[in-house]
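Structural features, examined
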Amino acid sequence: MSLKPNSAGLFLEVTKVAISVRHVSGEIVASWCLQNLADRFIKKIPALIFVSAHTEERAGKEYFHFYRAQLMKETSPELLENQFKEENILVDLRLHDKGTSARNHGTGFRVYEHKLPLLFKSIKDICEISSN
């Protein structure tokens, strides 16, 4: 889900203190406090080493040239609020209906790999290798 309603009429609403899933009817389906999300994010991912590489396939094998490593740490409710508003973080309500029973696989907060650095307050290059 994003800020625009999906085919089920669900969309995200972001305020300074919370994010909520709403229906176009006005009903609030779910809500999360941004401070709680930031605390949980830091508990799950206190730091992340983000490694960048060029890839190449030779004779059916994939080769990697690692050229950069960055240490990323810390987030904040304000940073998360901004990233939800920019639609860099999306919400997946992972519910599946098999006709006879519904399965709840939990809520997922999704971000594209190239947007990961936008979730962190502190980013430090720990290794950069020139391609010469």
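Going by the structure above, here's the rest.
Attention here is on the structure that accompanies the text. (Residues numbered from 1 in each chain as written. Predicted model: local features only at pLDDT ≥ 70, side-chain atom pairs only at ≥ 80, totals over all residues. Heavy atoms only, no water.)

1. Brief notes about the sheet that holds strand S5 (residues 61-73)
Spatial strand order, S4-S5-S8: three strands in an open sheet with antiparallel pairing. Because the sheet does not close on itself, it has two edges, and the strands there are strand S4 (47-58) and strand S8 (122-128). Ignoring which end each strand starts from, the neighbouring axes of this sheet average 30° apart. Of the pairings in the sheet, the one linking S5 to S8 comprises six bridges and is antiparallel in character. Paired with lysine 73 across the strands is serine 122, a residue of S8. (Pairing = 2+ DSSP bridges. Helix = DSSP H or I, 4+ residues; strand = E, 2+ residues; numbered from the N terminus. Axes fitted to C-alpha atoms, helices over the stretch in contact; angles between N-to-C directions.)

2. Digging into a positive patch on the surface
Together, Arg40, Lys43, Lys44 and Arg94 make up a positively charged patch on the protein surface. The element that contributes the greatest number of residues to the positive patch is helix H1 (residues 34-44), accounting for three residues. Secondary-structure assignment places lysine 44 in helix H1. Judged by its relative accessible area of 60%, lysine 44 is exposed. (Patch = residues over 30% accessible without salt bridge, like charges linked within 9 Å, V, L, I, M, F, W, Y side chains within 5 Å. Areas by Shrake-Rupley, 256 points an atom, 1.4 Å probe, with all protein chains shown as cover. Salt bridge = Lys/Arg side-chain N within 4 Å of Asp/Glu carboxyl O. Lys, Arg positive; Asp, Glu negative; His and termini not counted. Charge placed at Lys NZ, Arg CZ, Asp CG, Glu CD. Buried < 20%, exposed > 50% of the residue type's maximum accessible area, 1.4 Å probe, protein only.)

3. Brief notes about the side chain of serine 52
Summarising the element assignment, serine 52 is placed in strand S4. Serine 52 gets classed as buried once you look at its relative accessible area, which sits at 14%.

Treat this as a map of the structure, not an account of what it does.
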